[in-house]
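The lines below spell out each chain.
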Amino acid sequence: VSSMASGRLIGGMQRLPSLPVQLVAGAAATTLLLAPLLFVHSLVGISAVLFFAGAGVSPALIAGFALAARLVPGSALTQALTWAATAIGVGFALGSPASGWLVDEKSINAGFWVAITAGAIATLAALVGLRSMGHLYADPGESTESTRQV
């Protein structure tokens with residue numbers, strides 16, 4: 001529900017930062033909003049944290065797919081979006097059993113570290129690519145010079 005609400009909020013905004021900045025912000029928000037999982041010890045607490053952590057998911061997905069669409073020629077659009085969707089699926093396919101194994105072998109908090117670590121890696125990857133992504137595309141109506149100052 002929070003992912004849908006944040007997606008609608010972001011989608012309705014008139015002025016937004018560049019897509020690379022939105023990607024970093026969405027990934028960082030998801031990571032930071034997952035961190036409280038390490039401190040809650042009840043199902044209600046976990047549910048509340050996950051409810052709010054979802055708020056970063058939709059903006060990150062929107063920015064990520066929009067970047068994938070903008071960074072490739074039109075003839076490669078389907079392939080770019082398929083690669084992006086496949087990467088998400090692979091992340092779930094690898095993260096779910098890793099988290100389950102850690103919960104079984106260590107503790108529930110150890111399992112939460114998988115999601116938090118994945119979010120941190122996504123945030124770092126977006127930060128590393130921030131400068132180059134800004135140079136590779138220009139928002140409509142934005143000058144090339146302002147795009148370079150990502």
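Structure: above.
Structure report, in brief. Quick caveat, the model's predicted, so the values are computed rather than measured.

What counts and how
Residues numbered from 1 in each chain as written. Predicted model: local features only at pLDDT ≥ 70, side-chain atom pairs only at ≥ 80, totals over all residues. Heavy atoms only, no water. Helix = DSSP H or I, 4+ residues; strand = E, 2+ residues; numbered from the N terminus. Buried < 20%, exposed > 50% of the residue type's maximum accessible area, 1.4 Å probe, protein only. Contact = heavy atoms within 4.5 Å. Areas by Shrake-Rupley, 256 points an atom, 1.4 Å probe, with all protein chains shown as cover. Core = buried A, V, L, I, M, F, W, Y, C linked by side-chain atoms within 4.5 Å. Patch = residues over 30% accessible without salt bridge, like charges linked within 9 Å, V, L, I, M, F, W, Y side chains within 5 Å. Salt bridge = Lys/Arg side-chain N within 4 Å of Asp/Glu carboxyl O. Arc of directions from axis to C-beta. Polar contact = N/O pair within 3.5 Å; in protein donor to acceptor, adjacent residues only side chain to side chain.

Description of the overall build of the chain
(1) Moving on: A count of helical and extended segments in the chain gives seven helices and zero strands.
(2) Moving on: Listed by position from the N terminus, the elements making up the chain come as α-α-α-α-α-α-α.
(3) Moving on: Looking at the 150 residues of the chain, the share that counts as buried comes to 33%.
(4) Moving on: Taking as baseline every contact in the chain between residues at least 6 positions apart, the subset at least 24 positions apart corresponds to 65%.
(5) Moving on: Taken as a whole, the chain presents about 9200 Å² of accessible surface, with 71% of it coming from carbon and sulfur.

Overview of the nonpolar core
(1) Moving on: Residues Leu-34, Leu-37, Leu-38, Val-40, Ile-46, Val-49, Ala-53, Phe-112 and Ile-116 constitute the largest nonpolar core, which totals nine residues.
(2) Moving on: Counting only elements with at least two residues in this core, the list comes to α3 (43-53) and α6 (108-136).
(3) Moving on: Ranked by residues supplied to this core, first place goes to α3 with three residues.
(4) Moving on: Setting aside its immediate chain neighbours within four residues, Ile-116 contacts Thr-31, Leu-34, Ala-35 and Leu-38.

Notes on a nonpolar patch on the surface
(1) Moving on: Where nonpolar side chains cluster on the molecular surface, the patch consists of Val-1, Met-4, Phe-51 and Phe-52 and spans about 470 Å² of accessible area.
(2) Moving on: Structurally, Phe-52 can be placed in helix α3.
(3) Moving on: Since its relative accessible area comes to 52%, Phe-52 is described here as exposed.

Some points on α3
Every α-helix winds through 3.6 residues per turn, so residues three or four apart in the chain are directed the same way.
(1) Moving on: Those residues of α3 that sit buried are Gly-45, Ile-46, Val-49 and Ala-53. Each buried residue of α3 lies within a common arc of 100 degrees when the element is viewed along its axis, so the set occupies one face. Turned more than 90 degrees from where α3 packs its buried face, Leu-43 and Val-44 sit exposed.

Considering the environment of Ser-3
(1) Moving on: With respect to the helices and strands, Ser-3 occurs in helix α1 (residues 2-12).
(2) Moving on: Counting along the chain gives 49 residues from Ser-3 to Phe-52, while the straight-line C-alpha distance between them is 8.2 Å.
(3) Moving on: Dropping the residues within four chain positions of it, Ser-3 is found in contact with Gly-54, Ala-55, Val-57 and Ser-58.
(4) Moving on: A polar contact is formed between the side chain of Ser-3 and the backbone nitrogen of Ser-58, at a distance of 3.2 Å.

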